[in-house]
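Residues per chain are reported as follows:
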Amino acid sequence: MELALLYMIWLRILSGSIDIAAALLMYKLGNLEKAFVVNTSLALVGPIIFIITTGIGLAGMQDKISLSKMLCLFSGILLIFISLRMK
């Protein structure tokens, strides 16, 4: 199994574990305002994991994918983040 794939798998497991831990913390807090703060904090984790796993995946495929395709993929990711910021 490729090292890049293993890193991607472990990052996704970490991300899922953080989500589950946050849900348990929200349950334990039992307060809507505090749960909202915890949930908002997760908004930082998701995109960071997404960008890192995508970068690792592309780096692992650099010999199998052309530069123009990589640029198109990164442009698509950039457009996703720009659209999330638009009002």
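Residues numbered from 1 in each chain as written. Predicted model: local features only at pLDDT ≥ 70, side-chain atom pairs only at ≥ 80, totals over all residues. Heavy atoms only, no water.

Visitor: Looking at this model, I keep getting lost on the overall build of the protein chain. Mind explaining?
Guide: For the protein chain, the count of helices and strands is 3 helices and 0 strands. Relative to a compact globule of 87 residues, whose C-alpha radius of gyration would be 12 Å, the protein chain shows 16 Å and is clearly more extended. Viewed in the frame of its principal axes, the protein chain has a C-alpha envelope of about 50 × 40 × 10 Å. Residue burial in the protein chain is summarised as follows: out of 87 residues, 16% are buried. Within the protein chain, residue pairs in contact and separated by at least 24 positions form 56% of the contacts whose partners lie at least 6 positions apart. For the protein chain, the computed accessible surface area is about 6,900 Å², with 74% contributed by carbon and sulfur atoms. Taking the average place of the 7 positive charges on the side chains of the protein chain and the average place of its 4 negative ones, the gap between the two points comes to 7 Å. (Helix = DSSP H or I, 4+ residues; strand = E, 2+ residues; numbered from the N terminus. Rg over C-alpha atoms; globule rule 2.2 N^0.38 Å. Buried < 20%, exposed > 50% of the residue type's maximum accessible area, 1.4 Å probe, protein only. Contact = heavy atoms within 4.5 Å. Areas by Shrake-Rupley, 256 points an atom, 1.4 Å probe, with all protein chains shown as cover. Lys, Arg positive; Asp, Glu negative; His and termini not counted. Charge placed at Lys NZ, Arg CZ, Asp CG, Glu CD.)

Visitor: Got a minute to help me understand a nonpolar patch on the surface in this structure?
Guide: A cluster of nonpolar side chains, Met1, Leu3, Leu5, Leu6, Tyr7, Ile9, Trp10 and Ile13, forms an exposed patch at the surface whose accessible area comes to about 860 Å². By secondary structure assignment, the location of Ile9 is in helix α1 (residues 3-29). (Patch = residues over 30% accessible without salt bridge, like charges linked within 9 Å, V, L, I, M, F, W, Y side chains within 5 Å. Salt bridge = Lys/Arg side-chain N within 4 Å of Asp/Glu carboxyl O.)

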